[in-house]
Structures are given as structure tokens and as C-alpha cells.
Amino acid sequence: MDKMWSGRFSSSASSLLDEFNASIMYDRKLYQEDIEGSLAHAAMLAKQGILTTEDLIAITDGLNQVKSEIESGEFEWKISDEDLHMGIEKRLTAIIGDAGKKLHTARSRNDQVAVDFRRWVLKRNKEIVEALKLLMNEVLVVADKHTETLIPGMTHLQHAQPTNFGFHLGAYLSMFKRDIERFESSYERNNVSPLGCAALAGTPHNVDRDMTAELLGFSSVSTNCLDTVSDRDFALEILFNISTMMMHISRLSEELVMWSSYEFGFVELSDEYSTGSSIMPQKKNPDVPELLRGKTGRVYGSLMGLLTVMKGLPLAYNKDTQEDKEGVFDSVETALISLEILKEAIKTMEVKAHNMESACSVGHLAATDLADYLVEKCDIPFREAHFITGRAVAKSEELKIDLSDIELKYLQEIDSRINKDVLEFLILRNSMNARTSAGGTSTARTKEQLEQFKNYLKD
Ligand code: ARG
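Here we summarise the structure given alongside this text. What you see is a predicted model; the values in this text were computed from it and never measured. (Residues numbered from 1 in each chain as written. Predicted model: local features only at pLDDT ≥ 70, side-chain atom pairs only at ≥ 80, totals over all residues. Heavy atoms only, no water.)

### Things to note about the overall build of the protein
Helix and strand content of the protein: 20 helices and 6 strands. Expressed as a percentage of the 459 residues in the protein, the buried residues total 51%. When contacts within the protein are restricted to residue pairs at least 6 apart in sequence, long-range pairs at least 24 apart make up 76% of them. For the protein, the accessible area works out to roughly 22000 Å², and carbon and sulfur atoms hold 52% of it. Distance from the positive charge centre (52 side chains) to the negative charge centre (72 side chains) of the protein: 1 Å. (Helix = DSSP H or I, 4+ residues; strand = E, 2+ residues; numbered from the N terminus. Buried < 20%, exposed > 50% of the residue type's maximum accessible area, 1.4 Å probe, protein only. Contact = heavy atoms within 4.5 Å. Areas by Shrake-Rupley, 256 points an atom, 1.4 Å probe, with all protein chains shown as cover. Lys, Arg positive; Asp, Glu negative; His and termini not counted. Charge placed at Lys NZ, Arg CZ, Asp CG, Glu CD.)

Structural data, given as C-alpha cells:
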């Protein structure tokens, strides 16, 4: 009968229940937030005259001792204590005696866990944003070097139009910037203190919720306690934000895997971030991007898991909610290591600019340019220009050459309105640089985009 809630029970909990019910094996990750939350709560209770100054001093010293015991590994985490909140409070009372029993005045584990977990998520949110910025910086370094390196732009994984590699990387920079913005807006929305909501309905004690909110770094106090103790939107948001970020990472990873193949040969990942095969001595495998792709699935699993835990829960706190933590812990850890290793893989990879450029000489990448020429210089309606270009492509196929290499005479056979100046339009680099509309691939526009990302990272 050593449970904190054992008053109304006449026999002890079975050890099977302890094992099933406990979260202490994993929620102990929240020990810093739990102790800081208790310190703030105690300081507020003392200021409000609910605790004496002596009680406050004893509680503060006691909690600091518990913290150092945890950090030195001395602290005994017992499954029979159920969760970290009770484990810590029990140890506190063992150290300081009766004053420890007063700490939980005007508080419940329901608002306590909501505070701890929310603050943990908010802290990790900032770390992920920092890691995303470091990744963006590294992508920018590579992008900067390759604003003139031609690469086939694709749709449907088929050659479409010539672009440059810096522009291609700029697409990922755009995604990562949106990811950062998403994390930041979640931070703002969820930076709200649950402390003082107690079990579900608030408390008759004269608490000062603004004071604890301020001490804990929250920007405001939650509005409705019933909602607050059962709200896990902050956890869902970080899972969604990580999922979206990992989805972006998985797309880049997929390209890195393809680009590392002999068929593409656009990049070579460094030895440091590649692996070998246990049987095929020649192999150099892109395990890093493959795992990044794979881990994306696992993160989605955590998001779907928590959405499902929360579905249909009646108000307010339900024990189901205890299932909120492990998926978030796992996903945050996955996010942080993924960002770091992707950054390193990008920093150390070799970009094979020559192969990117030679890949542009197949697939008739200049076809749209020929159609644009017919519209612009020959005043031919676009649909008709499209048809004429199709015939020029067919002719090139017949000659087994790329459209960018076709001789003027063949084009003029197809349509006599075509002039010598068409050849300028068929040069692939000209084609890339012709796309000067805002957000386009021309080297000048690409540089402008990269500049925007640099300015964004500077602020
Ligand atoms: N370990 C619990 C959790 O993580 C803490 C809250 C328990 N509250 C309760 N009323 N049983 O959700």
C-alpha cells in the first residue's frame, strides 16, 4: 500500500497492474521540466501565502537534491511509483518530510503532465528549427556553387527542360523554410501554460497562474481548464511538422539515391556516409538517404498513432493520453539525427557537374524553347507551334540526335518560317537562362532566390 493514491483502496495493486499502468520508464525524460514546474508552482504557492517560506525553502532544496540524484544516476526509478511525477514527489517527501506533502496543493498530475510534456515539446521545437537552419546553410553552400551547372529538369521523371542544380536545391530550401515556419507557428500557438488547471476544473485555492506561466517561459495562460488537461494538439502538431519535414527529406533522399546510381551518376556520397555490402565487394550503398526515406514512414506511424489515441476521447483527462509520449520522443530523436546526418552527407558529397550537364544532351530538353521561338519570332499560335516542334522532335529521333543538335535545314524542311536565329534558342544553356520570370531557373533568378534564403537565415 505504498501508492500515493492508496487511501480508498484496501488491497495493494498487482505487479501486473504496475507494469501495465506505469509510464515512469519513459516519462522520466521529462524530469527537468517536472522539477522546474514544481519549483515554479511552489514559489507561487508561497507568494500567495499557501505555503510558508520555510516550506518553500525545504521544497526548493529538496527538489534540487532530487535533480542532482537523477543526474548522477543515484535516483531509483521504481515501476511501482507509476510515473515520474509520483516518483519525484515521493523522493522529495522522503528527503524533506512533511513539507513535501504540501507541494501538490492546487495541482493535479493532469495539469502537471500537460506542463511538463508541453514544455519538452516546445524546447525540442526550437532545437529542430536550429538544426533545419544548419541544414539550409549547408544546402546553400552547394547551391551557390552550381547556379550554372545544367541539370535536366524533370516531370514524371522524364526530361522536361534544362534547369541548374542550384535552382533544383533551391526547391528543397523552399520546403525547409516552410518547415521552419510551421514549427515556429506551432511554437507560438502552443506556448500557453496549463499550470493551475489542476484536475480539470481549476482550483478553489488562490493561485496566480500568470506568475507560474511567466516563471516557466509561457507567453500566456490557457483559457479553459477542461480543454487544457486533455489537449494534446501541441504533441500532434510537432508530429505533423516532423512528418512533413521528413516527407521533404525523403524526397531529397530519393533523389540522392537515384543520383548515386550508375544510371544517373550525378553525385557520389562520401565514404564516410556510405556503406558496403557484406558479399559484393564493389558495392557502395547510399544507406543514409535510404534510411532517411524509411524513417519517414516510422514518423508517420507515430502521428497516426497519436491521432488515433485522441480520437473520440471524452473530456477531460483519460489514461489513454499517457500513450502520447513515446511516439513523440522517438520522432523528435529521429528528426534531430536525420537533420544532422543529411547535413553531413550533403556537405561531404561530390557533385558530378559534368554528368549532370551531359545528361542534358538527351531527351530534347530544348523542345519548349523551339515552340516558344515559333510563337515569339514567327507569330505562330502556341498549339500550332507545339505541333511543329513535335515533328522536329520526331525528326531528331529518326536522325538519332538530340533536338539541340539538329541542323537548320531539317527544321526549315518542317516549316519554312524558321530562321537561322532559332539555333540560339536550341542551346541548352540559353534555354535555362531564358527562364527569367520570377521564381524561374535562369542563373540570375536562381541567385536572387538563394539570396532570399540567405537573408532569411540571417534574421
Ligand atoms: N502518467 C500520466 C500521463 O502521462 C500522468 C497523468 C496521470 N493522471 C491521472 N489522473 N492518472 O498521462
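The discussion continues.
### Some thoughts on the site of the ligand
All residues adjacent to the ligand are S23, D83, H85, R109, N110, V113, Y317, Q322 and K325. In this structure, a nitrogen atom belonging to the ligand sits 3.4 Å away from a side-chain N or O atom of R109. Relative to its unbound accessible surface of 340 Å², the ligand loses 86% to contact with the protein. With 3 residues, the single largest contributor to the shell around the ligand is helix α7 (residues 109-145). (Near = heavy atom within 4 Å. Polar contact = N/O pair within 3.5 Å; in protein donor to acceptor, adjacent residues only side chain to side chain.)

### As for helix α5 (residues 84-96)
With 13 residues, α5 should reach 18 Å at 1.5 Å per residue; the first-to-last C-alpha distance of 18 Å fits that figure. Residues of α5 that are buried include every one of L84, H85, M86, G87, I88, E89, L92 and T93, and no others. In this fold, the buried residues of α5 make contact with α2 (24-27), α3 (31-47), α4 (53-72), α6 (98-101) and α7. At the C-terminal side of α5, G97 shows a positive phi close to 80 degrees. (Expected span 1.5 Å × (residues − 1).)

### Notes on the packing of aromatic side chains
Two descriptors summarise a pair of aromatic rings, namely the distance from one centre to the other and the angle between the planes of the rings. Scanning all chains against the criterion turns up 9 aromatic pairs. Pairing F75 with W77 gives two aromatic rings, centres 4.5 Å apart and planes at 55 degrees, and the pair type is tilted. Ring geometry for F117 against F329: centres 6.1 Å apart, planes inclined by 85 degrees, an arrangement best described as edge-to-face. Of this pair, F117 sits in helix α7 while F329 sits in helix α13 (residues 325-348), and the two are 212 residues apart along the sequence. Owing to a relative accessible area of 1%, F117 belongs among the buried residues under this scheme. Here K177 stacks its cationic end above the ring of Y456, 5.1 Å away from the centre of that ring. (Phe/Tyr/Trp six-rings, centres within 6.5 Å; stacked < 30°, edge-to-face > 60°. Lys NZ or Arg CZ within 6 Å of the ring centre and 35° of its normal.)

### Section: the environment of F382
Positionally, F382 belongs in helix α16 (residues 382-399). Between the alpha carbons of F382 and I337 there is a distance of 50 Å; along the sequence they are 45 residues apart. If we ignore the near neighbours within four places in the chain, the residues touching F382 are A371, D372 and V375.

### Structural notes on the pairing of strand β1 (residues 150-155)
One ladder, built from 6 bridges, connects β1 with strand β2 (residues 158-164); its direction is antiparallel. The residue bridging P152 from the neighbouring strand is P162, located in β2. (Pairing = 2+ DSSP bridges.)

### Considering the layout of surface pockets
In this structure, the largest pocket encloses a volume near 370 Å³. As for the largest pocket, its lining consists of 17 residues, and the residues nearest its centre are S260, S261, Y262, E268 and K284. Elements represented by at least two residues in the lining of the largest pocket include exactly α11 (233-259) and β5 (267-268). Approximately 260 Å³ is the volume attributed to the second largest pocket. As for the second largest pocket, its lining consists of 13 residues, and the residues nearest its centre are H168, A171, Y172, M175 and E255. Counting residues per element, the ones that place at least two in the lining of the second largest pocket are β1, α8 (165-190) and α11. Per element, the largest residue contribution to the lining of the second largest pocket is 7 residues, and it comes from α8. (1 Å grid on protein atoms, 1.4 Å probe; cavity = no way out; pocket = protein on both sides within 12 Å on 5 of 7 lines; lining within 4 Å. Points joined across faces, edges and corners; volume = space filled by probe spheres on them.)

### Topic: the packing of α7 against α13
Packing of α7 against α13 brings their axes to within 9 Å, and their N-to-C directions diverge by 15 degrees. The orientation of α7 relative to α13 falls into the category roughly parallel. In this structure, α7 meets α13 at a crossing whose hand is left-handed. Class assignment for the residues of the contact of α7 with α13 results in 19 nonpolar, no polar and 6 charged. (Axes fitted to C-alpha atoms, helices over the stretch in contact; angles between N-to-C directions. Parallel < 35°, antiparallel > 145°, perpendicular 65-115°, else oblique. Left-handed = near helix turned anticlockwise from the far one by under 90°. Nonpolar A, V, L, I, M, F, W, Y, C, P; charged D, E, K, R; others polar.)

### Some details on the environment of L135
Within the fold, L135 resides in helix α7. The class of L135 is buried, set by a relative accessible area of 0%. The spatial distance from the C-alpha of L135 to the C-alpha of E384 is 46 Å, given a sequence separation of 249 residues. In contact with L135, not counting residues within four places along its chain, are F176, L339, L342, K343 and I346.

### Some details on the side chain of D402
Mapped onto the elements, D402 comes out in the loop between α16 and α17 (408-414). Put simply, D402 is tucked away with no salt bridge, and the nearest opposite charge, on R435, sits 13 Å away. In contact with D402, not counting residues within four places along its chain, are S361, V362, G363, H364, L365 and S396. (Salt bridge = Lys/Arg side-chain N within 4 Å of Asp/Glu carboxyl O.)

### Brief notes about empty space enclosed by the protein
Throughout the structure, instances matching the rule amount to 2 cavities of 30 Å³ or more. Roughly 50 Å³ of volume is contained in the largest cavity. As for the largest cavity, its lining consists of D2, K3, M4, W5, S80, D81, E82, M86 and K90. Here the residues of the lining of the largest cavity are counted per class, giving 3 nonpolar, 1 polar and 5 charged. One number sums up the size of the second largest cavity: a volume of about 40 Å³. When contributions to the lining of the second largest cavity are tallied by element, the ones reaching two or more residues are α7, α8 and α11. Among the residues making up the lining of the second largest cavity, the classes are represented as 5 nonpolar, 3 polar and 1 charged.

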